[in-house]
Amino acid sequence: MSRRRQIYEGKAKILYEGPEPGTLIQYFKDDATAFNAQKKGTISGKGVLNNRISEHLFTLLGGIGVPHHFLRRLNMREQLVRQVEIIPLEVVVRNVAAGSLAKRLGIEEGTPLPRTILEYYLKDDGLGDPMVTEEHIACFGWAGQDELADMQDMAIRINDFLTGLFAGIGIRLIDFKLEFGRLWEDDYSRVILADEISPDGCRLWDMKTNEKMDKDRFRRDLGGEVEAYQEVARRLGLLPDGQDNAVFDLDEARKARETR
């Protein structure tokens, strides 16, 4: 089967032309990056797990009325999504001090925040994805006032839902990143959730041990990245108990056949 035309390649995903107008195929890679791609590596099977986890979370969010780009999962690494115009902002939702926030403000990592904080970062790898304010967003026209309000409302609703969902399986949602896009219908657009939600873009800590279950294991050379991602999938009910190490990857199976 011939590969469809590639539209875009990012650090963790590739977008291909979809089978129907207004659709794209989103392919999840095993590539791992940190510190604005200064650190690079591979987490075997990560793309398979992130595809499945993101599908599950987007489906649940759609069930509570959050509009999103996900349509359906196609295979182990690919999903069909609506084509949107990505708004060039990352919305970071913070519940607990960690990562750059703890370092920037001198707060001990793990300190609960008095209230949830929303931060905005300009999507520009060349500039290191700098943090920006609502005034910057308005001044440079990255998002309209109504669009920003919609993004804020959805971010808070998503946070409320995911915090409860993860708490129910013994995971503390520390912080996470969201991206949004404009879905155009004739001359009008509406803002919907896009990209992915997975351990790549979330900080997830075990509620009993504070063990990190996300990409911080790669960032901080802790090891056990695959096992952590698998444990998140297992607790979400996406991997059967006793099969944590049995993530089937069709791409890897094809490669294995070719080397026999």
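Everything below is about the structure shown above.
None of the values given here were measured: they were computed from a predicted structure.

## Some words on the overall build of the chain
Broken down by element type, the chain carries 7 helices and 14 strands. The proportion of buried residues among the 260 residues of the chain is 47%. A sequence separation of at least 24 residues applies to 57% of the contacts in the chain between residues at least 6 apart. Element-wise, carbon and sulfur atoms account for 49% of the exposed surface of the chain, whose accessible area totals about 13,300 Å².

## A word on unusual backbone geometry
The phi angle at Asn 210 is positive, at roughly 65°, despite the residue not being glycine. Secondary-structure assignment places Asn 210 in the loop between strand 14 (202-206) and helix 5 (216-219). Phi angles above zero are rare outside glycine, and Asp 221 is one such case at about 55°. In this structure, Asp 221 sits in the loop between helix 5 and helix 6 (225-235).

## Some points on the environment of Glu 185
Looking at the element boundaries, Glu 185 is found in strand 12 (residues 171-185). Residue classification places Glu 185 among the partly exposed residues on the basis of a relative accessible area of 41%. Looking at Glu 185, its side chain comes within polar contact range of the side chain of Arg 190, at 3.5 Å.

## Looking at the sheet that holds strand 2 (residues 13-17)
Spatially, 5 strands are ordered 1-2-3-7-6 in an open sheet, and the strand pairing comes out antiparallel. Across the chains shown, the open sheet's two edge strands, defined by having one partner strand only, are strand 1 (6-9) and strand 6 (70-73). Between one strand axis and the next, the sheet turns through 25° on average, direction left out of account.

## Section: the packing of aromatic side chains
On inspection of all chains with the given rule, the structure shows 1 aromatic pair. Residues Phe 140 and Trp 142 carry aromatic rings whose centres are separated by 5.2 Å and whose planes lie at 25° to one another, so their mutual orientation is stacked. Phe 140 gets classed as exposed once you look at its relative accessible area, which sits at 54%. Lying over the aromatic face of Trp 205, Lys 212 brings its terminal NZ or CZ to 4.8 Å of the ring centre.

## Topic: the pairing of strand 14
Counting buried residues along strand 14, 5 of its 5 residues qualify, which places the element largely inside the surrounding structure. The alternating pattern of strand 14 places Cys 202, Leu 204 and Asp 206 and Arg 203 and Trp 205 on opposite faces, both of which are buried. As judged from the 5 bridges shared by strand 12 and strand 14, these two strands associate in the antiparallel manner. Counted as the bridge partner of Arg 172 is Trp 205 from strand 14.

## Here's the deal with the packing of helix 1 (residues 46-63) against helix 4 (residues 145-167)
Contact geometry for helix 1 and helix 4: axes closest at 11 Å, N-to-C directions at 120°. The orientation of helix 1 relative to helix 4 falls into the category oblique. Note that helix 1 runs across helix 4; the crossing there is right-handed. Mapping the contact onto sequence places Leu 57, Leu 60 and Leu 61 in helix 1 and Ile 158, Phe 161, Leu 162, Leu 165 and Phe 166 in helix 4. Counted by class, the contact of helix 1 with helix 4 contains 8 nonpolar, no polar and no charged residues.

## Quick word on the pattern of salt bridges
Tallied over the entire structure, the rule returns 28 salt bridges. Measuring nitrogen to oxygen at the nearest pair gives 2.7 Å for the salt bridge that ties Asp 200 to Lys 46. A residue pair is termed long-range when its members are at least 10 positions apart, and Asp 200 in the loop between strand 13 (188-194) and strand 14 and Lys 46 in helix 1 qualify at 154 residues. As far as burial versus exposure is concerned, Asp 200 and Lys 46 are alike and both buried. For Asp 206, the salt bridge identified is with Arg 235, shortest N-O distance 2.7 Å. Of this pair, Asp 206 sits in strand 14 while Arg 235 sits in helix 6; the two residues are 29 residues apart in sequence, bridging distant segments of the chain. One continuous salt-bridge network, built from bridges that share partners, spans Arg 94, Arg 104, Glu 109, Glu 119, Asp 175, Arg 203, Asp 216, Arg 219 and Arg 220.

Quick notes on the rules
Numbering of residues begins from 1 in every chain and follows the order in which that chain's sequence is written. Under the rules for a predicted model, residues below a pLDDT of 70 receive no local features and side-chain atom pairs below 80 are neither given nor counted, while totals for whole chains, interfaces and linings still include all residues. Just so you know, side-chain values use all the structure's heavy atoms and leave hydrogens and water out. Starting at the N terminus, helices and strands are each numbered in turn, a helix being any DSSP run of H or I of at least four residues and a strand any DSSP run of E of at least two. Burial classes: relative accessible area under 20% of the type maximum marks a residue as buried, over 50% as exposed, and values in between as partly exposed (1.4 Å probe, protein chains only). Contact definition: two residues touch when any of their heavy atoms are within 4.5 Å. Exposure was quantified through the Shrake-Rupley algorithm and a 1.4 Å probe, taking into account, for residues, occlusion by the shown protein chains and nothing else. Distance and chemistry together define a polar contact, namely a pair of N or O atoms within 3.5 Å, with one atom able to donate a hydrogen and the other to accept it when in protein, and with adjacent residues in sequence counting only for side-chain atoms on both sides. A pair of strands is considered paired only if DSSP assigns at least 2 bridges between the two. For helices, the axis comes from a line fit to the C-alpha atoms of the stretch in contact; other axes are also lines fit to C-alpha atoms, and the angle between any two N-to-C directions lies between 0 and 180 degrees. What counts as a ring pair is set by centres within 6.5 Å for rings of Phe, Tyr and Trp (its six-membered ring), and what kind of pair is set by the plane angle: stacked under 30 degrees, edge-to-face over 60, tilted for all other angles. Note on geometry: a ring has a charge over it if NZ (lysine) or CZ (arginine) is within 6 Å of the ring centre and within 35 degrees of the ring normal. Put simply, angles under 35 degrees are roughly parallel, angles over 145 are roughly antiparallel, angles from 65 to 115 are roughly perpendicular, and the rest are oblique. Take the far helix as your reference; a near helix turned counterclockwise from it by less than a right angle gives a left-handed crossing, and one turned clockwise gives a right-handed crossing. All residues other than Ala, Val, Leu, Ile, Met, Phe, Trp, Tyr, Cys, Pro, Asp, Glu, Lys and Arg, Gly among them, are scored as polar; the first ten of these are nonpolar and the last four charged. Whenever a carboxyl oxygen of Asp or Glu lies within 4 Å of a side-chain nitrogen of Lys or Arg, that contact is scored as a salt bridge.

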